[in-house]
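# Analysis of the macromolecular model
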Amino acid sequence: MTQMATYDVFMSYSAKDSGAAEVLARALRNNGFHVWLDKWNLVPGAPWSETLQTAALSSRTIAVCVGPSGMESQQLFEVSRILGNRGTEIPDGDPELKPDIVPVLFPGAVPALVPSFLRNLARLEISDLGDPGELARFVSSMGSLQIAGKVSQEQDFDTLNNLGNNLEAHGHFHDAQVVWERALAVAEGERGPNDPKVAEVLNNLGRVVAALGDAERAESCLDRALRIYELISGPTDPSVAGPLSNLGSLLQDLGNPQGALAHYRRALNIYELAYGPNHPQVATGVNNLGGVLRELGDLPGALVCYERALRIDEANYGSNHSSVARDVNNLGGVLRDLGDLPGSRAQFERAVSIGEATYGSDHPKVATYISNLGFVLKDAGDLPSARGNFERALKIDEATYGPDHPEVSKDANNLGSVIRDLGDLPGARAYFERALKIDEATYGPNHPSVARDMSNLGAALQDLGDLPGARAHIERALKIWEHFLGPDHPNTQRGRRNLKGLDTRTKNSETKI
C-alpha cells in the first residue's frame, strides 16, 4: 500500500548558501509545509549522508538550490546519489515514492550554473529574497507541485470536492483546476458519465477554467453538465435552472448578452413554473435577468427586474436579510447608470448597513458594497470620501484573502483610479502595477483582467507623459480584449478609443517638438 511522504520539501543546498536556503525553508514552513532542513532536522552523531538520503527520498519534492557560485562538490555528490536512488526501497518510507526534483536559482545565479543533468527540469528563479511577493510566488509554485502530487492518487470524492472549493475561494484557480480534473475522473470512474456528481464537478470545473480564460473548455463543461441534468430530470426540472444560469453567466462574460438573455429567461421560467412567482429562487432568476438587461442598455427593464426581486425577498425574509442587501446593491447600480446618484447612494448605503449587520463590518460582501458606494461618491465628485471607501474595501479583502488575491487586485484598481483623479499619478501607477502583478500571477499574461489592468496602467503612464510606455500597455490590453471578447465588445471598443486618443496626443507632441 502506498504511504504518504514524510516531508513535503527537502532542501538541498551548498554551505555558502545556507542563509538563503533557510529563508525559503521558513517561508514554506510558515505556510504549512513540512520541510526538511539539515540544521533543523539532522541529529548530532547520526550518520549524516545516510540520513540525508533517507530524508530526501522520503520527501515529495526536493528543492535543489543553486547559488551565485553554483553547487559545491558535496551537494553535487548528494544530488547525484538521490537521482540514482529515486524509486528504490527506503527504510520506513514508500518504495514507490519518486520525489520531484526542482532546481531553485537564488539571486545572482544564472541557468548555466545548473548542472547538465538537471537542465531538462523546470526551475524556479528567485530574484529578491527580501521581497514578500517573490517568496509568496515561490511558496505558491511549490504548493502547486504538492497539490498535483497529493491529488494524483486521491480517490475520495468528498475530499477532492472540499479541497477544490477551498482553493477556488482563495483565488488559486490553477490548483483548483487540477483538483476538479481529478474529481471528475474519480466521479466518472465510480458513477459513470451521466451521474449528478459528474455534473456537479463539471459545473465547478467550468467555472474555474472560465475564470482562467479558457472559454471553449468552460462552455463545453457547463453544456455537458446541463445535458446530464436534463437527461436525469427532464428539461423543466429546477435542477436544470442552475446550469442554465451558469451558462448564461459565461456567455455574458464572453460578450454574448443575447445568448445569456435566452438562458436566463429559460431558467426564470423553470423557477416560476416550479415555485410560483414569489419564491426566493425566482428573485435570483430575476436578478440575473436584470443584470443582462442592464448590460444590453435596457435600464428601465433592469430597474423593473431589480425592484421585483427586492419585493420578493423583502416579503420572504424581511427588510434586513442578506438577499435584500444583494437586491438593493443591484438596484443601486442601475440607478447610478440612470444618473440618479442620490437614489443610488441611498441603496448602496442600505446595502452596507444590512451587510454589516448580517456579516459583520469586515466581511468581503461588505467590501463589495463599500466599493460600489465609493463609485457613486466618485461620480458625485467627493473624491476623498470615495478614496476612504476604496481603502476600507482593500483592507477588508487583504485581511480576508491575503495580499495577492484577485479581489485585492480589483480594490487596487479602484483605489488607483480615484488617486489618479486626485492628481497623485505616481501613487495611481503603483496601485495599477500591483493589480497587474496579482492578476498575471493568478491568470497568466493573457486574461481579460490583465487587459483591464494594462489599460488602467497605460492611462496613468499617458498622464505621466510616458507615451511609449502607455502605447505598449494599451495595445496589449486591446489585443487581449479582441482575442477573448471579439471586435464588438464595449471593452474592445474602448481600447480602440484609448489607442486613438493616444495617437492624437503623440502627434500633437511631435508637432510641438
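Once a new chain begins, its residue numbering starts again from 1 and follows that chain's sequence as written. Local features in this predicted model are restricted to residues of pLDDT 70 or higher, and side-chain atom pairs are both shown and tallied only at a pLDDT of 80 or more, whereas totals for entire chains, interfaces and linings draw on every residue. To get the side-chain values, take all heavy atoms of the structure and skip hydrogens and water.

Another aspect to go through is the overall build of the protein chain. Numbering of helices and strands runs from the N terminus; a helix is a DSSP stretch of H or I covering at least four residues, while a strand is a stretch of E covering at least two. Along the backbone of the protein chain there are 22 helices and five strands. With respect to the principal axes defined by its C-alpha atoms, the protein chain has extents near 80 × 70 × 40 Å. Between buried and exposed lies partly exposed: a residue is buried under 20% and exposed over 50% of the maximum accessible area for its type, with that area taken using a 1.4 Å probe on protein chains only. Per-residue burial for the protein chain yields a buried fraction of 48% across its 513 residues. Whether two residues are in contact is decided by their heavy atoms, any of which lying within 4.5 Å being enough. Restricting to contacts in the protein chain with at least 6 residues of sequence separation, those with at least 24 account for 62%. Accessibility throughout is a Shrake-Rupley quantity obtained with a 1.4 Å probe, and a residue counts as covered only by protein chains that appear here. When the accessible surface of the protein chain is split by element, carbon and sulfur atoms take 50% of a total near 23,500 Å². If you average the places of the 49 positive and of the 66 negative side-chain charges in the protein chain, the two averages end up 4 Å apart. Just so you know, the count uses Lys and Arg for positive and Asp and Glu for negative, and it drops His and the chain ends. A charge is said to be at NZ when it belongs to Lys, at CZ for Arg, at CG for Asp and at CD for Glu.

Right, let's get into helix H20 (residues 448–463). Expected helix span is taken as 1.5 Å per residue step, with the number of steps being one fewer than the number of residues. Taking 1.5 Å as the rise per residue, H20 with 16 residues should run 22 Å; its terminal C-alpha atoms sit 23 Å apart, in good agreement. Extensive coverage of H20 is indicated by the burial of 12 of its 16 residues. Of all the residues in H20, the buried ones are Ser 449, Val 450, Ala 451, Asp 453, Met 454, Ser 455, Leu 457, Gly 458, Ala 459, Ala 460, Leu 461 and Gln 462. Trailing H20 by a residue or two, Gly 465 shows a phi angle of about 90°, which is positive.

What follows covers helix H10 (residues 238–253). For H10, which comprises 16 residues, the first-to-last C-alpha distance of 24 Å matches the rise-based estimate of 22 Å (1.5 Å per residue) to within 8%. Along H10, the residues that are buried comprise Val 240, Ala 241, Pro 243, Leu 244, Ser 245, Leu 247, Gly 248, Leu 250, Leu 251 and Gln 252. Along its buried surface, H10 packs onto helix H8 (196–211), helix H9 (215–233), helix H11 (257–275) and helix H12 (280–295). Gly 255 occupies a position one or two residues after H10 and carries a positive phi of about 85°.

With that settled, consider the sheet that holds strand S1 (residues 7–12). For two strands to be treated as a pair, DSSP must find no fewer than two bridges joining them. Overall, parallel pairing links the five strands, which are arranged S2-S1-S3-S4-S5 in an open sheet. On the outer flanks of this sheet lie strand S2 (35–36) and strand S5 (124–125), each paired with one strand and no other. Orientation is described by lines fitted to C-alpha atoms, with helices fitted over the stretch in contact, and by angles between N-to-C directions that extend from 0 to 180 degrees. Its contacts with the sheet put helix H1 (residues 18–30) on S1, S2 and strand S4 (100–105), and the angle it makes with S1 is roughly 170°.

Think of it this way: a Phe, Tyr or Trp ring, Trp meaning its six-membered ring, pairs with another when their centres are within 6.5 Å, and the plane angle makes it stacked under 30 degrees, edge-to-face over 60, tilted otherwise. Scanning the model with the defined rule gives four aromatic pairs in all. When the centroid spacing of 5.0 Å and the interplanar angle of 15° are considered together, the rings of Phe 10 and Trp 36 count as stacked. One end of the pair, Phe 10, is in strand S1; the other, Trp 36, is in strand S2, with 26 residues separating them in the sequence. In this structure, Phe 10 and Trp 36 share a single accessibility class: buried. Above the ring of Trp 40, the side-chain terminus of Arg 29 is found at 4.0 Å from the ring centroid. Geometrically, a charge over a ring is one whose NZ (Lys) or CZ (Arg) sits within 6 Å of the ring centre while staying within 35 degrees of the ring normal.

A pair is scored as a salt bridge if a Lys or Arg side-chain nitrogen falls within 4 Å of a carboxyl oxygen belonging to Asp or Glu. Within the structure shown, the criterion is met by 31 salt bridges. Close ionic contact of Glu 168 with Arg 207 constitutes a salt bridge, the shortest N to O distance being 2.6 Å. Here Arg 207 lies in helix H8 and Glu 168 lies in helix H6 (residues 157–169), a separation of 39 residues in the sequence. Of the residues examined, Arg 207 reaches a relative accessible area of 38% and is grouped as partly exposed. Arg 429 is paired through a salt bridge with Glu 433; the nearest N and O atoms lie 3.0 Å apart. Of this pair, Arg 429 and Glu 433 both sit in helix H19 (residues 425–443), separated by four residues, roughly a single helical turn. Residue classification places Arg 429 among the partly exposed positions, given a relative accessible area of 33%. Taken together, the shared-partner salt bridges in this structure form one network comprising Glu 22, Arg 26 and Lys 39.

A separate point is the confidence of the model for the protein chain. Per-residue confidence for the protein chain gives a mean pLDDT of 89; residues scoring 70 or more make up 93%. The quantity known as pLDDT measures the predictor's confidence residue by residue, on a range of 0 to 100. No element of the protein chain has a lower mean pLDDT than helix H5 (residues 132–151), at 72, and none a higher one than helix H13 (residues 299–317), at 98. Here residues 87–96 is modelled with pLDDT under 50, and outside its nearest four sequence neighbours on either side it reaches 15 contacts, counting other chains as well.

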